[in-house]
Structures are given as C-alpha cells and as structure tokens.
Amino acid sequence: MKAVLSLRLPTISRIQLPRLVFHRSFSEHVEDVNQNNFSRVKLAVPSWSRDYLLKESASLPHFNETNNVKISFSTPDDYFPSMKRRETVVMFEGENKHVVDAVHATNNLLRNYISENSKKTSINPKTMVNLVFPAALTKKLIGKQGATLQTIKEQHNLDTLLVSQQNGLHNFRPGKSFTERSLMIFGKESEVKSAVDFVLNMLYEETEHKLCDNLSYKHFNDTLETWTRIKVLVPFYVIATIKQTENSAAQSLIDLDIILRISEKDYGYTRAKVVLVEGPRDKVFNALQVISSAIRSTDIPALHFNTEKYEYLADNNRNSLPLLLPNDVVSERFGKKTEFVDFCKSSGVTLRVIQELKNDTAVYVTGEEESVLKAVTELVSPLHYSRIKRSMLHE
C-alpha cells in the first residue's frame, strides 16, 4: 500500500513544478520500471537547505501515478565530503525522464528559496547546480587537458564548470574507496538547465559506471577530519631501508596501510629523495617515527666519508628529520625571527631552513629523536592536508 506525504508549498508566482512523491517502499516501483529507463541522480545542496527541501518538495504539483519519483536525503549530520562546504546529498530514483524533471524542479525550488531569503529585491539571474557523478567517469567528463569540460562550458555559455577535488579519499585502500565526485555548474538559469540536461544524459547513457544508492558519507568525513599529508627528505642511502620489504622498517610502513610515494629523482642538489606520506594523522606520525629511526640507524656508505660534504652529512643529518614545506607555510610560521628562535627553545631542537627550489623550503629539524618528532608534529598538525601538494613537481 502506497503512502503519500502532502504538504502545502508557499505560493511562488509563475513557476510550474512537477511533483515528487515519497513512498514507504520503492521496490515495487523499481520492478515496474524498465531497467533500461531507470535512472539515479544525486545533487549536493547546501546543508542549511535540507529541512526546507525535505518539507516542501513533497507538495510540488502532482506526477501521474505511474511516473513516481523517489527522493531521499542524507541525514542532517552526514555531508558530501568537501574541503570547503557542508552539503547534503539529495538522491532521485525513477524513470529517467521524470527524474530529470524532478531534478530541475528541486533546483528551481532551491533557487527561489535562496532569492526569497536574500536581501536582493529580485531573483538572481545566476544559479548553481552541483551534480554528483561516479569518480570513475572523471577522465571522460574532463577530457584530455580539460577539453570536454571546456566544450560543455562554451556550448552552454556557463560562467563556471568545475570538478571537485578528490580530497585524497580516492586513494583509500581497497574496500574503502570514495567513488564519487561532484560537478559544479554555474551561470544563468536557462544555460545551467541545458548544461544539466546534457550532463545527465551523458551519465544516463553510461553503462559501465553508475551511482550507487549510498547516502552515508560519515566514514569519509571522519577520515577527512584527521587526514594528513607530509613530505620529508630522506637520504639516498636510507631509501632501501624503507623500501625493500625484507627490512623491518619497510614492513612496518606496509603494516600501517598508508599512502607512501618516493620520488625517482633527487631533490634539488641534495642526495635525498622526497618521500610523501599520507593517511589518517596517527598513522602518518607513526610512519614518521619509523622513517626517523631508519635515518638514525642506517650507516652512511664508507666511500662518502672521504669528502667534507659527506662528513658534515654524517655529523648533522643523521639526527635530522627534514620536512619539505611550501614557502608560504614557512613564512606564516616563522615570519619573524623571534618566532623562529622561540620555537627552537621551546621544542629543544635546532632548525635549518634551506630553499632549494622555487616553491618549497626544506626545514631540517635536528636534535634528540623524541624532541624532533614532537617538533615536527607541532609544525604539521595545524596544516590542512591540502596545503601540502601531492604532486612531485620537482621531478
């Protein structure tokens, strides 16, 4: 037996919107729909609009009974993973044509709600839609060097067409992958509507990759809160210790189940490789402890003691953990000489700051191992992981 929730929508002049009908069970309806015509679409909408849309969408003008569309919302404290915004996910399921109509109806409802509650006296001619799509289609949607995105933007005369960042979550270990991204479409209402139609048709015709019916993102957001990315410089003679699985240090890093990348080339004029460590904060700092211990315990090859350069390396770098930080981060942290001196005194370490390349600064943190690890934690913990770029541009 079908149950229909009906609430009255405040009058909005000159807008005709199709109706969305809530059902206790959707299984019967799915069986009635030809699977080739079935469509599932997700929108990411501002979290503050969730309650309004949940209440008002059910009273939109009536669909024919055979054209019912199911609409579902993520829970109030469950947001689409994003670095900058809190967004609720709204999912539409049903026959493709009516799902598309329902998406436009919801976008119109949201747009008018924003206009009515803004300080503006008229409806903003600009509108934005944030479509969720399978992450596996990213290359197809973006195209070579962004060619497909640019074509869509130009054909529909859009102001902005932007694919969300992957947030590092696409590199979770198997079984934990975050498989969705979002496409932000911004421009005049009519142009946005035509672009949405185009993208939804592209997604509908895709047979291999489809959106799942998941609306729970809490696990990914919890991980996002503690996600940490660090780059360290590791002397060339230590790389084998942390890379070859027969070594205990390498096995310890594998057991931590984190992302670890090692550059192919040396960094600048040093004989050191860049090692990127990424994952949940506690695991990243455990990995730094493993790497620090490897640096301290690995003997420098005897042939390098013949030169003054490597004697200095032996005396100094063995007790150091060199961080690779963006120049702006170093400037923010040590903009004044007094801040630099105070940090060294309070941490019980010495710092050497060396800018080898244009965008990065090597910060050599030297001292007793416990003090070094504590100082590194203090330097890195406040940073959002996005401040440390994943790319190895120095290569």
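Residues numbered from 1 in each chain as written. Predicted model: local features only at pLDDT ≥ 70, side-chain atom pairs only at ≥ 80, totals over all residues. Heavy atoms only, no water.

Things to note about the nonpolar core
The line we're drawing: To define a nonpolar core, start from buried Ala, Val, Leu, Ile, Met, Phe, Trp, Tyr and Cys residues and group those joined through side-chain atoms within 4.5 Å. The rule is simple: take the accessible area with a 1.4 Å probe, protein chains only, and divide by the maximum for that residue type; under 20% is buried, over 50% is exposed, in between is partly exposed. Helical segments are the DSSP runs of H or I of at least four residues, strand segments are the runs of E of at least two, and each set is numbered from the N terminus. The criterion used for residue contact is that any of the two residues' heavy atoms lie within 4.5 Å.
If you look at the biggest cluster of nonpolar residues, it comprises 42 residues, and the most contacted ones within it are Ile291 and Val365. Ranked by residues supplied to this core, first place goes to helix 10 (residues 281–297) with 8 residues. With residues up to four places along the chain from it excluded, the contact list for valine 365 reads Asn319, Ser320, Leu321, Val349, Thr350, Leu351, Val372, Ala375, Val376 and Leu379. In terms of nonpolar packing, the next biggest core, distinct from the first, is built from 35 residues, Val41, Ile71, Phe73 and Val129 among them.

Describing the pairing of strand 7 (residues 227–235)
The line we're drawing: For two strands to pair, DSSP has to find at least two bridges joining them.
The element strand 7 is largely enclosed, with a buried count of 9 among its 9 residues. In strand 7, alternate side chains face the same way, and those of Trp227, Arg229, Lys231, Leu233 and Pro235 on one face and Thr228, Ile230, Val232 and Val234 on the other are all buried. As defined by bridge partners, strand 7 adjoins strand 9 (residues 272–280) across 9 bridges and the pair is classed as antiparallel. When the bridges of strand 9 are listed, lysine 231 appears paired with leucine 276.

A look at the environment of proline 235
By secondary structure assignment, the location of proline 235 is in strand 7. Proline 235 sits in the buried class, given a relative accessible area of 8%. Separated by 87 residues in sequence, proline 235 and proline 322 have C-alpha atoms that sit 9.6 Å apart. Excluding residues within four positions of it along the chain, proline 235 makes contact with Arg271, Ala272 and Ile295.

Regarding the packing of aromatic side chains
Note the following rule: The aromatic pairing rule takes the rings of Phe, Tyr and Trp, using the six-membered ring of Trp, and pairs them if the centres are within 6.5 Å, calling planes under 30 degrees apart stacked, those over 60 edge-to-face and the rest tilted. Here, a charge over a ring means that NZ of Lys or CZ of Arg falls within 6 Å of the ring centre while also lying within 35 degrees of the ring normal.
Enumeration according to the criterion identifies 5 aromatic pairs in this entry. With a centroid separation of 3.8 Å and an interplanar angle of 15°, the aromatic rings of tyrosine 52 and tyrosine 113 are classed as stacked. Of this pair, tyrosine 52 sits in helix 2 (residues 50–56) while tyrosine 113 sits in helix 3 (residues 96–116), and the two are 61 residues apart along the sequence. Cluster of aromatic residues (ring-pair linked, three or more members): Trp48, Tyr52 and Tyr113. Seen from the ring of phenylalanine 236, arginine 271 lies directly overhead, with NZ or CZ sitting 4.1 Å from the centre. The aromatic ring of tyrosine 364 is capped on one face by arginine 352, whose charged end is 4.4 Å from the ring centroid.

A few points about the side chain of asparagine 327
To be explicit about the condition: Within 3.5 Å is the distance limit for a polar contact, defined as a pair of N or O atoms, with the added protein rule that one can donate a hydrogen and the other accept it, and that residues adjacent in sequence qualify only through two side-chain atoms.
Along the chain, asparagine 327 turns up in helix 12 (residues 327–333). In this structure the side chain of asparagine 327 is engaged in a polar contact, spanning 2.6 Å, whose partner is the side chain of threonine 361. The contacts of asparagine 327, once residues within four sequence positions are left out, are Gln355, Lys358, Asn359, Asp360 and Thr361.

Examining the pairing of strand 8 (residues 259–266)
Pairing of strand 8 with strand 9, which is carried by 5 bridges, proceeds in the antiparallel orientation. Considered in strand 9, the bridge of isoleucine 262 is made with valine 275. Two successive antiparallel strands, strand 8 and strand 9, enclose a turn made up of 5 residues, where glycine 268 displays a positive phi of approximately 55°.

Some thoughts on the pattern of salt bridges
Note the following rule: Salt bridges are identified by distance alone: a Lys or Arg side-chain nitrogen within 4 Å of an Asp or Glu carboxyl oxygen.
Here the structure, examined in full by the defined rule, presents 11 salt bridges. Here the residues in one salt-bridge network are Asp266, Arg271 and Lys273, joined through shared partners.

Some thoughts on the confidence of the model for the protein
Caution applies to low-pLDDT regions: their predicted coordinates should not be interpreted in detail. Put simply, the rule is: A score between 0 and 100, pLDDT records how confident the predictor is in each residue.
Mean pLDDT for the protein: 76, with 74% of residues reaching 70 or above. Low confidence marks residues 1–34, where pLDDT is under 50. Its contacts with residues over four positions away, or in another chain, come to 72 contacts. Across residues 62–66, confidence stays below pLDDT 50; counting only partners more than four residues off in sequence or on other chains, it has 9 contacts.

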